[in-house]
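# Structural features, examined
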Amino acid sequence: WPPGPPPRPGPPPRHCRHERFPRHLYGSTWSRKGYLLTRWQLGGGGGAVLDLVNVHNFHDESNLAALAAGASTYASCRQQALSLVTAALLGLRGGGAAGGGAAPAPASAAFLFGDFNFRLDLAHAVSLLCGAEGLQRARAVAAADATPLRLETSGGSGEGGDGYLLLGPKQFELSQPSLLARKLTELRGSDRELAAFSASAECALPLEELPLAFPPSYAYREGKGDGTPPDEAGWCDLLASKRCPAWCDRVLMDRTGGALVAASAVTAEYGHEPQPRVLTDHNQVYLAFSVESR
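Predicted, not measured: the structure shown is a model, and the values here were computed from it.

Glancing now at the nonpolar core. Membership of the largest hydrophobic core comes to 71 residues, with the highest contact counts inside it found for Leu67 and Leu112. Excluding anything up to four places from it in sequence, Leu67 contacts Leu122, Ala123, Val126, Leu135, Ala138, Arg139 and Leu167.

Below you can see the structure in the form of structure tokens.
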């Protein structure tokens, strides 16, 4: 083939970095999970500098394995991966590994967003839904057992009779999904991965977010929904039956980013976009605020 035009110059490598997470973090094969880090400056030379990082972290492979006593190995993998992302941010700011040896970068605000795959502390969630006895029964099942375990739910009988949860390696199916809406506040208490990361020795860059005031962003079943926006509790009827619902999709920030959001001239909004007809198993999550460009 004849040579084409010379490639257009792209951003300096220290302003755009795409990395896959090391394969030793999650099994012996390469994963497509990783991050894309970019740096932006608003309004020319005098505007705010933003470090924007799109993250795709590791998922849970088995519900039963996640229920094992002690810390979830999946959560541990995600924590290690997130520490690599924050290390890359610090390197970019200090002119280290991510900065290619350049002079220290100007002060910036970091925003990390995407599918962090944060999952609920499944033992705590099962205990909330099925009681301590249900959790004990679930933990007694081998992680490789493919036969769904039926656990009676607590507080979910309603008018339709006794409720139950079918639990297996890749099954998490409630006979009465509305129980999730009734226990939504308590389930938010099972969302612990961000707090655990921030408190860990691996955390070199503490991260924060605005309060979670929307339903879980995952996992929804494609094809569900009649085309009309679901009501306040209608999200429960759109769920898939594979995983426990969770706030996998988030927008996080460092303290400088938090100060930028707090200084917004309009009230910052942290929310989600429900799907009238489910096209993907994740709902979109957004953070909206204003910032001076100069």
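Let's shift gears to the sheet that holds strand 8 (residues 249-253). Across the sheet, five strands lie side by side as 1-2-3-4-8; this open sheet has mixed pairing. A strand with exactly one partner marks an edge of an open sheet, and here the two such strands are strand 1 (16-20) and strand 8. This sheet shows a mean twist of 15° between the axes of neighbouring strands, independent of strand direction. With eight bridges connecting them, strand 2 (residues 34-41) and strand 3 (residues 49-56) associate as antiparallel partners. Across the sheet, Trp40 pairs through a bridge with Leu50, a residue of strand 3. Seen against the sheet, helix 2 (residues 73-94) touches strand 1, strand 2, strand 3 and strand 4 (109-115) and runs at an angle of roughly 30° to strand 2. Lying over the sheet, helix 7 (residues 255-262) contacts strand 3, strand 4 and strand 8, oriented at roughly 95° with respect to strand 4.

So, about the pairing of strand 4. Most of strand 4 is tucked away, with six of its seven residues classed as buried. Here seven bridges tie strand 3 to strand 4, and the two strands are oriented parallel to one another. Bridge pairing in strand 4 links Asp51 to Ala110. Two elements, strand 4 and strand 8, share five bridges in a ladder whose sense is antiparallel. Looking at the pairing, Phe111 lines up with Met253 of strand 8.

Looking at the chain as a whole, its pLDDT mean stands at 87, while 88% of the residues score no less than 70. Here residues 96-104 is modelled with pLDDT under 50, and outside its nearest four sequence neighbours on either side it reaches 21 contacts, counting other chains as well. Here residues 156-160 is a poorly scored stretch, pLDDT under 50, and it has ten contacts once near neighbours within four places are set aside; other chains count.

With respect to the helices and strands, the residue Gly34 is situated in strand 2. C-alpha separation for the pair Gly34 and His56, spaced 22 residues apart in sequence, amounts to 5.4 Å. If sequence neighbours within four positions are ignored, Gly34 has contacts with Glu19, Arg20, Phe21, Asn54, Val55 and His56.

On to the packing of aromatic side chains. By convention here, two paired aromatic rings are described through the distance between centres and the angle between planes. The final tally for this structure, using the stated rule, is seven aromatic pairs. Their ring planes at 5° and their centres at 4.9 Å tell us that Tyr26 and Phe58 sit as a pair that is stacked. Here Phe58 lies in the loop between strand 3 and helix 1 (63-66) and Tyr26 lies in the loop between strand 1 and strand 2, a separation of 32 residues in the sequence. Ring plane angle 25° and centroid distance 5.4 Å describe the contact between Phe111 and Phe289, whose orientation is recorded as stacked. Separated by 178 residues along the polypeptide, Phe111 in strand 4 and Phe289 in the segment after strand 10 (284-288) bring together distant segments of the chain.

Parameters at a glance
The residue count restarts for each chain, going from 1 along the sequence in the order it is written. The predicted origin of the model limits local features to residues at a pLDDT of at least 70 and limits the giving and counting of side-chain atom pairs to 80 or more, whereas totals for whole chains, interfaces and linings rest on all residues. Water and hydrogen atoms play no part in the side-chain values, which are based on all heavy atoms of the structure. The nonpolar core is taken to be a set of buried Ala, Val, Leu, Ile, Met, Phe, Trp, Tyr and Cys residues, with the residues joined through side-chain atoms within 4.5 Å. Burial classification: accessible surface area is computed with a 1.4 Å probe over protein chains only, and a residue below 20% of its type maximum counts as buried, one above 50% as exposed, and the rest as partly exposed. Here, two residues are considered to be in contact whenever any of their heavy atoms come within 4.5 Å of each other. Pairs of strands are assigned from DSSP output, requiring at least two bridges between the strands. Labels follow the DSSP assignment, with helices taken as runs of H or I lasting at least four residues and strands as runs of E lasting at least two, numbered in each case from the N terminus. Fitted lines through C-alpha atoms give the axes, limited to the stretch in contact for helices. The angle between two N-to-C directions lies from 0 to 180 degrees. Within a predicted model, pLDDT stands for the predictor's per-residue confidence, ranging from 0 to 100. Stacked, edge-to-face and tilted labels apply to pairs of Phe, Tyr and Trp rings (six-membered ring for Trp) whose centres lie within 6.5 Å, assigned for plane angles under 30 degrees, over 60, and everything in between, in that order.

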